[in-house]
Every structure is written in C-alpha cells, then in structure tokens.
Amino acid sequence: MVILTGCNLTCDRVILHQLMQFLAPTDPMNNWQKIIQKLMQFFLIMSPYLFCSSLDLLPALSGEESTKCFFQELVNILLNYVSASFRRNSKVLDFHHPHQLKEGLEGFRLELPDQPENLEQLLVDCRDTLKYGIKTGHPRFFNQLSSGLDVIGLAGEWLTSTANTNMFTYEVSPVFILMEEVLLRKMQEIVGWSEEMGDGIFCPGGTISNLYSVHLARYYFFPEVKTKGMTDLPRLTLFTSAHSHYSVKKSAAVLGIGSENVVVVKCDDRGRMIPAELEYSIITAKDKGCVPIYVNATAGTTVYGAFDPIRVIADICERHRLWLHVDAAWGGGLLMSKRHRMKLEGIERAWSVTWNPHKMMGAPLQCSAILVKKKGLLQECNQLCAEYLFQTDKHYDTSYDTGDKTIQCGRHVDVFKLWLMWKAKGLEGFGSQVNKCLENAEYLFNKIKQRPDFELVFNSKPEHSNVCFWYIPPSLRNMPPGPERNRRLHEVAPKIKAQMMENGMTMIGYQPLGDKVNFFRCVISNPATQTEDVDFLLEEIARIGQDIKLQLTETN
C-alpha cells in the first residue's frame, strides 16, 4: 500500500488494524465496489493524520483546521472512554504487568523517539494510555478513597488545562484567584468559623495540607524558626492517633522535627482516638522535658473511616494550649450532609482543617484545601517577598497576590472544577451525593452480616463509607480462632485481589492493621455506584474464593 510508506512500521500496523475494522461489515466475495468506496472513504478520513505531525498544528500557519480535526478525534477518544467508564459490562481494568507495558503492546510503546511521530500515532497513544489504565470512574471501582467521574468536574479540568495559568498572582490568574477566595470562604463557613476568621489555600493533596498544618503550628509557637531554624528550639512533640494518616509522621520528618517526636495515641476498637490516652501522653511528654505543640484529630480515618471525638480533644488542647488540627481529608465531605455532619461535631474549634473535595465530593484529582482559622498566619509564615513576582507598587490590590502565602511558587489551578461542580450541584446536591454513598455502605454492611462466607472486622455500623471484612473460604469456616487460622486467612485477600485484577471486572483494596490479618476495605465515594454493584462485588469475591479454597486445601 503505497499511501502508507510515509508512516513508521508501528503506525502501519495500527492503521491496517483500523482498516480491517472499517471493512469488517463488508463481504469481500460480493461487494468489491463497496470495498473500493470504503477504502476511498477511509483514506479520506485518515489522510489528515497519516502525514501530519504536531508541527502542522497551531501555532503553525494554516494550522487551525488540522488542530480542529486533531481535537475532534481526541474528544471522540475521551467520550468513548467516559461512556465505557459508566458501562457495567466494561472492564474496570485491562491488567498487564510492568514488564509487559515496558516491552510494548500492539503498537503502544513507552520509549521516546528522536524524530516526531505523526498525529495518528499520537491519537493511538492517547487511546492506549486510557485502555491500559484504570477506570476509576467505573461504578465497580472500590479501591481508593477518590473514585468516580464527575462530568462537570471533568469539563472544569479541561478548561483549566486550556487556560494553563498559574495561581501565584492576580495579574496572571484574576478569575481563578477570586474563585479560590469564594470557595475557601464557603468552606470556612461550613466548618463553622465566623467571617472575621479564616484563611487558606488549595494544595497538591492532603499530605501537603497536613504538612502546612504542622508548619504553621511550629511557626505560631516559635516564629524564630523561620529565620534561625531548629537549632535553638526545644524538643517539639506532636500527637496523632494510631489510625491516623502517615502524613503526620512524614511532615515531622520533612520539617526537621523528627518522626520519633510524633506520639502515637491509642485508639478504641473502632479506630477512634481515646481522649484520656491523649492527655496522658501530653503530660508524659512534658514530664520528659519535651514541648507539646500540636494534636491531629482525624475525621474519617483511612482504613476504618472512624471519627475522633473532636470536641473532647479540643477541650484537652485548650487546657494545654496546643494547636488542634483536624484531618478531614476523607471525612470533610460529610459536612455537606445535614444527616451526617454531626459526626464532625466540634470541628469549628480546630485551628486548621484539611479537606479534600477530590474524595467524598467527587472532584477530579487533585483538589485539597488547608483551612486556617487565624487570618494572616499563612502569609507571615511563608512570605519572602520575591520582587520579580510580588511587587508592592502594582496598580491593583496586591492582597490578591496569594502566591507568597504558600511554600510553592508555581501552583496549579485546582479551584475551577470544584467551583463549577458547586454551581451545578449546590450544597443540597453534594449532600444527597454523600448520603447515597453512605447508604450503599450500610447496604454492604447489612449484606455481609447475613452471609456465612464473610466476616466483618467490627460489628458496629460504619461511621463513614468504609466497610472492612474478610472472605472466609469453606476450609476455614469451622476452624477455631488461632495462629494457624490467621496464617491461612492472611493469604486469602491477596490471592483473591490478584485474580480479581486479572479478570478486571471490579477492584477493591486490602491491608492488615495491627493484630488483624489481611482484610478487604471497601470504600464507596462514587455516586454512580448502585446496590447491584455492591452485590456484584460480593459475588465476585465469593466466586474467586472457591478457587482459593482449593489452593489452600491442596497446600495444607
């Protein structure tokens, strides 16, 4: 085929594959004339991409038409992917091991070329990148706290990338800077702070938001650390629960406080911090000559979805004059629900709050905010007045140049997608979305209680949308509790998960925790998920578990 000689071999194979699909409905024995017509139609469609590279797109002269065609094809790929993400008969993932993807699959290569490839190959690469990834918007994806595919949020992310600007000054990001102010003020109001209080910034994820909280707490008590460092400071101590996110320890390590100076406070069997243990730990640290400065209370723990008793913890922090931070990265979304917001009772007494709308509120990744009660503290702590950005003699109100409040310089626009979603849903829409997710979690909890082949990690109703459980193979159901049963049970979840990923029709996470062997953790944050998807998950685990039973029997 002479017309294909300008293409590389990889692209030839792809185009021939597409050509075969294009001709598939035609019977070659009876319709040669139709085949010729289809060939002409095919190459008419494909010709803009076979011989064009990115150099033919805007800003090239006469590049507007090529750019339009390229984007139209790309949008078709994206729309097909979005549609497939919501189809229950489509796979959540098409799993391949790392070495398979690195070696290349059906024209998809990760290696970078020296010469530009044509637009058709780029479109194929776009399609295959989605094909071999994970459909996190699929209603049967239960693997992470952040899931779902909000169409309005997606539109907001597309527009954000098109604008391609930076959030450090008003002069380059006027609309987005004001949107951030509006969003932060609304979120502070929902937390329960008055108009005179409140500051904040959108950050690249909950870990960085939590880092800000420790950074601010240290500066608040020891402002000299900004210029003199840790040299003259006493041994500072932070407190967090045994079920809290690892980012608190990571923040201590990054800031030079040291992970060993994070005191891990005991929890009850449901994963909530025990206030009496917190106060005992604070007093013990003081007796050792340490200086406590910070307590992290978690509103929605990562594994159990537990809520620390914020109000009681706030009383303790007031008595000892400690910074109270509430990590509501996962649980903050419940503030949008009249039915569930009482689980965060006392959050208005926090000095800072982490809240990730990319989790329970369903905003596309990433979208996280650190909210700070004391106005001006972010600026005082981080400001360095770089003259090439933050000139004081600009012709507008430079208080809107928010970049000096952050530890970053360049900052991605994470606010528009959330602002657009809020316009589309309103507070009530977000509240209904949260309620539905927790209803599905309760449905799963009740289903598991009724089945002899599953066992709940704890028997109380879930506080959040986390449901933790074991699948019990027949060979273990009559085995008495003890080390041998635990050893065998520990192997079950990883083996089921491995086969589940190979099948690709659903996905759920697992982990051990403390003295508990590997168990499944189902988290529901996707409003597209229905009770039928919950039923499918249990049946798929049980179906795969029958093979696990045989393997365990043969091994032992």
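Residues numbered from 1 in each chain as written. Predicted model: local features only at pLDDT ≥ 70, side-chain atom pairs only at ≥ 80, totals over all residues. Heavy atoms only, no water.

Short version of the rule: UniProt positions are given in the numbering used here, feature names are shortened, and annotations may be inferred rather than shown by experiment.
An unreviewed UniProt entry lists the protein chain under the name Glutamate decarboxylase 1a, with Esox lucius given as the organism. Taken verbatim from the UniProt record of the protein chain, the Subunit (unreviewed entry) comment is "Homodimer." Turning to the protein chain, the UniProt record has this under Sequence similarities (unreviewed entry): "Belongs to the group II decarboxylase family."

1. Some points on helix H7 (residues 174–191)
A turn of α-helix holds 3.6 residues, and therefore any two residues three or four places apart point the same way. For the record, the criterion: Here a strand is any run of E in DSSP of at least two residues, a helix any run of H or I of at least four, and the numbering for each starts at the N terminus. Here the expected span of a helix is defined as 1.5 Å times the quantity of residues minus one. Buried means the residue's accessible area, taken with a 1.4 Å probe over protein chains only, is under 20% of the maximum for its type, while exposed means over 50%, and partly exposed covers the values in between. This arc is taken over the directions from the axis of the helix to the C-beta atoms. Residues count as neighbours in contact if any of their non-hydrogen atoms are within 4.5 Å of one another.
The first and last C-alpha atoms of H7 sit 26 Å apart over 18 residues, in line with the 26 Å expected at 1.5 Å per residue. When H7 is considered as a whole, its buried residues turn out to be Phe176, Ile177, Met179, Glu180, Leu183, Leu184, Met187, Gln188, Ile190 and Val191. Buried residues along H7 cover an arc of 165 degrees about the axis, so they all sit on one side. Where H7 is buried, its residues touch helix H6 (151–163), strand S2 (199–203), strand S7 (352–355), strand S8 (368–372) and helix H14 (416–449). Two residues or fewer past H7, Gly192 is found with a positive phi of approximately 115 degrees.

2. Things to note about the packing of helix H8 (residues 206–221) against helix H10 (residues 247–254)
When two helices pack together, their arrangement is given by the angle between the helix axes and the distance between those axes. The line we're drawing: Here an axis means a line fitted to C-alpha atoms, over the contact stretch when the element is a helix, while the angle between two N-to-C directions is reported on a 0 to 180 degree scale. An angle below 35 degrees is read as roughly parallel, one above 145 as roughly antiparallel, one from 65 to 115 as roughly perpendicular, and any other as oblique. Crossing handedness follows the turn of the near helix against the far one: under a right angle anticlockwise gives a left-handed crossing, and clockwise gives a right-handed one. By the convention adopted, Pro, Cys, Tyr, Trp, Phe, Met, Ile, Leu, Val and Ala count as nonpolar, Lys, Arg, Asp and Glu as charged, and the other residues, Gly among them, as polar.
It is at 9 Å that the axes of H8 and H10 come closest, and there the two elements cross at 55 degrees. Regarding the angle of H8 to H10, the classification is oblique. Handedness of the H8/H10 crossing: right-handed. In this structure, H8 contributes Thr207, Asn210, Leu211 and Val214 to the contact, and H10 contributes Ser247, Lys250, Ser251 and Val254. When grouped by side-chain class, the residues that make up the contact of H8 with H10 number 3 nonpolar, 4 polar and 1 charged.

3. Thoughts on the sheet that holds strand S3 (residues 236–241)
Under the convention used in this document: Two strands are said to pair when DSSP picks up at least two bridges between them.
Read from one edge of the open sheet, 7 strands run S2-S8-S7-S6-S5-S3-S4, paired in mixed fashion. The sheet is open, and its two edges are formed by S2 and strand S4 (262–265), each paired on a single side. Shown here is a sheet whose adjacent strand axes are inclined to one another by a mean of 20 degrees, direction ignored. Two elements, S2 and S8, share 5 bridges in a ladder whose sense is antiparallel.

4. A few points about the sheet that holds strand S11 (residues 507–513)
Reading across from one edge, S1-S11-S12-S10-S9 is the order of the 5 strands in this open sheet, with mixed pairing throughout. Of all strands in the sheet, those bounded by a partner on one side alone are strand S1 (141–142) and strand S9 (454–456). Pairing of S9 with strand S10 (residues 466–471) involves 3 bridges; the strand directions are antiparallel. Bridge pairing in S10 links Phe454 to Tyr471. Here H14 sits on the sheet and contacts S9, S10 and strand S12 (516–523); the angle it forms with S10, its principal contact strand, is near 25 degrees.

5. Observations concerning the packing of aromatic side chains
Inclusion rule: Whether two aromatic rings pair depends on their centres lying within 6.5 Å, for rings of Phe, Tyr and Trp, where Trp uses its six-membered ring; planes under 30 degrees apart make the pair stacked, over 60 edge-to-face, and the rest tilted.
Following the criterion strictly, the structure yields 18 aromatic pairs and no others. Between the aromatic rings of Phe221 and Trp351, the centroid separation amounts to 6.2 Å while the plane-to-plane angle is 25 degrees, which identifies the pairing as stacked. One end of the pair, Phe221, is in helix H8; the other, Trp351, is in the loop between strand S6 (323–328) and S7, and 130 residues separate them in sequence. For Phe221, a relative accessible area of 18% translates into the label buried. Classification of Trp351 by relative accessible area gives partly exposed; the value is 25%. Ring geometry for Tyr304 against Phe519: centres 6.3 Å apart, planes inclined by 45 degrees, an arrangement best described as tilted. Taken together, the residues Tyr304 in the loop between strand S5 (291–298) and helix H12 (310–320) and Phe519 in strand S12 connect sequence positions 215 residues apart. Note on accessibility: Tyr304 and Phe519 belong to one class, buried.

6. Quick notes on the pairing of S7
Across the two faces of S7 the burial is the same, with Ser352 and Thr354 and Val353 and Trp355 all buried. Both S6 and S7 contribute to a ladder of 4 bridges, which runs parallel. Paired with Asp327 across the strands is Thr354, a residue of S7. Of the pairings in the sheet, the one linking S7 to S8 comprises 4 bridges and is antiparallel in character. The partner of Val353 across the bridge, within S8, is Leu371.

7. What about the UniProt feature "modified residue: N6-(pyridoxal phosphate)lysine" (unreviewed entry) in the protein chain?
When the UniProt feature table is mapped to this numbering, "modified residue: N6-(pyridoxal phosphate)lysine" (unreviewed entry) covers Lys359. Locating Lys359 in the fold gives a position in the loop between S7 and S8. Ignoring sequence-local partners within four residues, the contact set of Lys359 consists of Leu145, Ser146, Ala329, Trp330 and Ser525.

8. Here we look at the packing of helix H3 (residues 64–85) against helix H5 (residues 119–131)
At their nearest, the axes of H3 and H5 sit 10 Å apart, and the two run at 15 degrees to each other. It follows from the interaxial angle that H3 and H5 lie roughly parallel. Here H3 and H5 pass one another in a crossing that is right-handed. Two secondary-structure elements touch here, H3 through Phe70, Glu73, Leu74, Ile77, Leu78 and Tyr81 and H5 through Leu119, Leu123, Cys126, Arg127 and Leu130. Here the residues of the contact of H3 with H5 sort into 9 nonpolar, no polar and 2 charged.

9. So, the confidence of the model for the protein chain
As a reminder, the rule being used: Confidence scores labelled pLDDT are given residue by residue by the predictor and lie between 0 and 100.
With 90% of its residues at a pLDDT of at least 70, the protein chain reaches an overall mean of 92. A low-confidence stretch, residues 1–14 stays under pLDDT 50, and its non-local contacts, those more than four residues away or across chains, total 27 contacts.

10. Things to note about unusual backbone geometry
Cis geometry marks the peptide bond from Leu58 to Pro59, where omega comes out at 15 degrees. Among the secondary structure elements, Pro59 is positioned in the loop between helix H2 (32–50) and H3. At the junction of Leu365 and Gln366, the peptide bond is cis and its omega measures out at -10 degrees in the coordinates. Turning to its location among the elements, Gln366 is positioned in the loop between S7 and S8. Even without being glycine, Arg321 reaches a positive phi, approximately 55 degrees. Structurally, Arg321 is set in the loop between H12 and S6. Assessed through its relative accessible area of 54%, Arg321 is described here as exposed. For Cys385, which is not glycine, the phi dihedral falls at a positive 55 degrees. With respect to the helices and strands, the residue Cys385 is situated in the loop between helix H13 (377–382) and H14.

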